[in-house]
Amino acid sequence: AKDPVRVLVTGAAGQIGYALVPMIARGVMLGPDQPVILHMLDIPPAAEALNGVKMELVDAAFPLLKGVVATTDAVEACTGVNVAVMVGGFPRKEGMERKDVMAKNVSIYKSQASALEQHAAPNCKVLVVANPANTNALILKEFAPSIPAKNITCLTRLDHNRALGQISERLGVQVSDVKNAIIWGNHSSTQYPDVNHATVKTPAGEKPVRELVADDAWLNGEFISTVQQRGAAIIKARKLSSALSAASSACDHIRDWVLGTPEGTFVSMGVYSDGSYNVPAGLIYSFPVTCKNGEWSIVQGLSIDEFSRKKLDLTAAELSEEKDLAYSCLS
Ligand code: NAI
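Residues numbered from 1 in each chain as written. Predicted model: local features only at pLDDT ≥ 70, side-chain atom pairs only at ≥ 80, totals over all residues. Heavy atoms only, no water.

### Details of the site of the ligand
The condition that has to hold: Whether a residue is near a molecule or strand depends on its heavy atoms: it is near if one of them lies within 4 Å of it. Contacts described as polar in this section are N or O atom pairs within 3.5 Å, which, within protein, must combine one atom able to donate a hydrogen with one able to accept it, while residues neighboring in sequence count only if both atoms come from side chains. Surface exposure here means Shrake-Rupley accessible area, sampled with a 1.4 Å probe, where a residue is shielded only by the protein chains that are shown. As defined here, a cavity is a set of points on a 1 Å grid over the protein atoms alone where a 1.4 Å probe fits but cannot get out. A pocket is an open set with protein on both sides within 12 Å along at least five of seven lines, and residues line them when an atom is within 4 Å of a point. By definition, a pocket or cavity contains a molecule when more than half of the molecule's atoms lie within 2 Å of the pocket's grid points. The numbering of helices and of strands both runs from the N terminus, where a helix is a DSSP run of H or I of at least 4 residues and a strand a run of E of at least 2. Residues were grouped as follows: Ala, Val, Leu, Ile, Met, Phe, Trp, Tyr, Cys and Pro as nonpolar; Asp, Glu, Lys and Arg as charged; and all remaining residues, including Gly, as polar.
Of all residues adjacent to the ligand, which total 22 residues, the nearest are Gln15, Ile16, Asp42, Gln112 and Asn131. Take Asp42: an N or O atom from its side chain is 2.5 Å from an oxygen atom of the ligand. Within the backbone of Leu155, an N or O atom sits 3.3 Å from a nitrogen atom of the ligand. Protein coverage of the free-state accessible area of the ligand, which is 870 Å², stands at 81%. Using a 2 Å cut-off from the grid points, one finds that the ligand occupies the largest pocket. Listed by contribution, the elements that provide at least two residues to the shell around the ligand are α1 (15–25) and α4 (98–119). For the shell around the ligand, the residue count by class is eleven nonpolar, ten polar and one charged.

This is the structure in structure tokens:
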């Protein structure tokens, strides 16, 4: 039998946490034959609720779940973890300045970076979900210099999956037959959902989405804004932000990273930019990637037209500005 993998979920008493931990315990993230030990971290005001989640995990009697650590101590939570899913953060409250929210999250991610760097298992893979996801991941990277930059990522897979979902709805095809959409940039409304390389499996072979949809006005307009604004639309409908789809996409992100992407398929991940596609190096930016042997690599050589170029640059500019704001909170 395989040794259990230790998976940390921060903010585990929250909404996404509640949807995510049972998925992990059922093998959705790491596979149906991979035992897991869950490490759940939250803050003291949520300690009782966190304990309630732990009780439910016991009650569910998951065969793959070999242990549960539920704690408000970051060091205990981070010790020995192989995968860290960072969902905990400080949400923007009414009347708060952007800078104040950034300052709170910078301080959380700075201290959790140190706890991970000192106590996580070597080669721990980190996925930041909490917003501002890209910039929280960048702060985590800066304050955990001994964790390789390639091990620190942020979640844009939800946006990627939303793009696949919109194409599938529009064409009336199975979402599993749609692939290779791309989310470029920030997990925010400046992200660029790009379908120029996306395809659909049809009885007549693989066809470009551009050919099947034929309506460029929709693809260049409403499709993009629907994906960009989907988070807000969910909040409006549910009075709560996306949770099951965020949790499911976080599982997709880690599963593909660890177990690999299928041949010919790429997915979107927020990763440390090396300057590919003339995106400034040193930002955590969402790119198309393929994964193999536990490592991602940015898909190279895709053509970028003028329309796309502007959108790649716009979201990069927003991330540079967020980076500056985050750094100004440190001094
Ligand atoms: P939530 O408010 O229900 O849960 C957040 C949890 O984090 C709470 O239990 C809170 O006590 C905890 N927390 C706060 N500070 C913490 C700290 N220092 N250490 C550990 N835990 C801490 O929020 P929800 O809905 O679960 O969302 C979580 C985050 O995910 C938010 O920042 C949200 O904006 C973000 N998000 C990101 C998405 C993405 O695609 N990247 C999609 C949806 C949400």
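### Digging into the pairing of strand β12 (residues 267–272)
Inclusion rule: Each residue gets one of three labels from its accessible area relative to the maximum for its type: buried under 20%, exposed over 50%, partly exposed in between, using a 1.4 Å probe on protein chains only. At least two bridges found by DSSP between two strands are what make those strands a pair.
A large share of β12 lies buried, amounting to five of its six residues. Examined bridge by bridge, β12 and strand β13 (residues 284–292) share six bridges and lie antiparallel to one another. Looking across to β13, one finds that Gly270 is bridged to Ser286.

### Some thoughts on the side chain of Thr10
Inclusion rule: In what follows, residue pairs with any heavy atoms lying within 4.5 Å of each other are defined as contacts.
Mapped onto the elements, Thr10 comes out in strand β1 (residues 5–10). Within polar-contact distance, the side chain of Thr10 engages the backbone nitrogen of Gly88 at 2.9 Å. When near neighbours in sequence (up to four residues on either side) are disregarded, Thr10 contacts Leu41, Val85, Met86, Val87, Gly88 and Gln112.

### A few points about empty space enclosed by the protein
Empty space among the atoms becomes visible once a probe the size of a water molecule is rolled across them. Spelled out, the test is: Grid points are joined across faces, edges and corners, and a volume is the space filled by probe spheres set on the points.
Taken as a whole, this structure holds one cavity of 30 Å³ or more when the rule is applied. The volume enclosed by the largest cavity comes to roughly 30 Å³. Lining the largest cavity are Asn134, Thr135, Leu138, Leu283, Ile284, Leu319 and Lys323. Put simply, the parts of the chain that give the lining of the largest cavity at least two residues each are α5 (133–142) and α12 (306–330). Partitioning the lining of the largest cavity into residue classes produces four nonpolar, two polar and one charged.

### Some thoughts on unusual backbone geometry
Following Asn131, the chain continues into Pro132 via a peptide bond in cis, with omega recorded as -5°. Mapped onto the elements, Pro132 comes out in the loop between β5 (125–128) and α5. In this model, Ala61 sits at a positive phi of 50°, which is unusual for a non-glycine residue. Along the polypeptide, Ala61 turns up in the loop between α2 (47–60) and β3 (65–71). For Ala61, a relative accessible area of 57% puts it in the exposed group. You will see that Asn278, though not glycine, has its phi angle at about 55°, which is positive. The topology assignment puts Asn278 in the loop between β12 and β13.

### Some details on the pattern of salt bridges
Applicable threshold: A pair is scored as a salt bridge if a Lys or Arg side-chain nitrogen falls within 4 Å of a carboxyl oxygen belonging to Asp or Glu.
Counted according to the given criterion, the structure contains 13 salt bridges. Between Lys141 and Glu142 there is a salt bridge, with the nearest N and O atoms lying 3.2 Å from each other. For Glu142, a relative accessible area of 26% translates into the label partly exposed. In this structure, Asp159 engages Arg162 in a salt bridge whose closest nitrogen and oxygen atoms are separated by 3.4 Å. Of this pair, Asp159 and Arg162 both sit in helix α6 (residues 157–171), three residues apart, which is roughly one turn of the helix. In terms of burial, Asp159 and Arg162 fall into one category: buried. Several salt bridges share partner residues, and in doing so they unite Arg157, Asp252, Arg255 and Asp256 into one network.

### Some remarks on the confidence of the model for the chain
Interpreting fine coordinate detail is not advised for predicted regions of low pLDDT. Rules: Note: pLDDT gives the predictor's confidence per residue, expressed from 0 to 100.
Per-residue confidence for the chain gives a mean pLDDT of 97, with 100% of residues at or over 70. Here the prediction assigns the complex a pTM of 0.98, and the interface score ipTM is 0.99.

### Quick notes on the pairing of strand β4 (residues 83–86)
Inclusion rule: A clockwise path from the first strand over the helix to the second, with the strands pointing away from the viewer, defines a right-handed crossover.
Neither face of β4 is left uncovered, since the one carrying Val83 and Val85 and the one carrying Ala84 and Met86 both have all their residues buried. Pairing between β1 and β4: four bridges, direction parallel. Paired with Leu8 across the bridge in β4 is Ala84. As paired elements, β4 and β5 share four bridges and run parallel to each other. By the bridge assignment for β5, Met86 is matched with Val128. Handedness of the β4-α4-β5 crossover: right-handed.

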